[in-house]
Amino acid sequence: MKISVWDTYVPREDGKTMHFDILVPSTMEEKGSIFGYGREYLSSKPFQTAELSSKECKFCHMEHAPDAIADIIHKKGYYIIEMENCE
């Protein structure tokens, strides 16, 4: 499965910056939906963050997803890769 990777940096209330990638099917171009996936992910965190918009979340590149990640994207619509300060 070919996917789009959206590189995302969101400030946390404690001054740290979260860095995570939102992975979606390469055919998805609706930014509102992609940002909605990011907001859904952020709402699962026990700390407050800044809003997520095009300033924090930008298209990075396309690649092929491993089967395990592709399966999750098929079921959920997206996948998050946590990079920094996500816990």
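Residues numbered from 1 in each chain as written. Predicted model: local features only at pLDDT ≥ 70, side-chain atom pairs only at ≥ 80, totals over all residues. Heavy atoms only, no water.

Novice: Give a detailed account of the environment of Phe20, specifying residues and quantitative values.
Specialist: Within the secondary structure layout, Phe20 lies in strand 2 (residues 17-25). Note on Phe20: relative accessible area 0%, which makes it buried. For the pair Phe20 and Cys57, spaced 37 residues apart in the sequence, the C-alpha separation amounts to 9.3 Å. (Helix = DSSP H or I, 4+ residues; strand = E, 2+ residues; numbered from the N terminus. Buried < 20%, exposed > 50% of the residue type's maximum accessible area, 1.4 Å probe, protein only.)

Novice: Which residues make up helix 1 (residues 31-43), and what values go with them?
Specialist: Under the 1.5 Å per step criterion, the end-to-end length of helix 1 is 18 Å for 13 residues, consistent within 8% with the ideal 18 Å. Among the residues of helix 1, those classed as buried are Ile34, Phe35, Tyr37, Gly38, Tyr41 and Leu42. Seen along its axis, helix 1 keeps its buried residues to an arc of 150°; they face one direction. Of the surrounding secondary structure, the elements contacted by the buried residues of helix 1 are strand 1 (2-11), strand 2, strand 3 (57-64) and strand 4 (79-84). Structurally, the start of helix 1 carries an N-cap: the backbone nitrogen of Gly32 is 3.1 Å from a side-chain oxygen of Glu30. (Expected span 1.5 Å × (residues − 1). Arc of directions from axis to C-beta. Contact = heavy atoms within 4.5 Å. Polar contact = N/O pair within 3.5 Å; in protein donor to acceptor, adjacent residues only side chain to side chain.)

Function-wise, these values are silent; they only describe arrangement.
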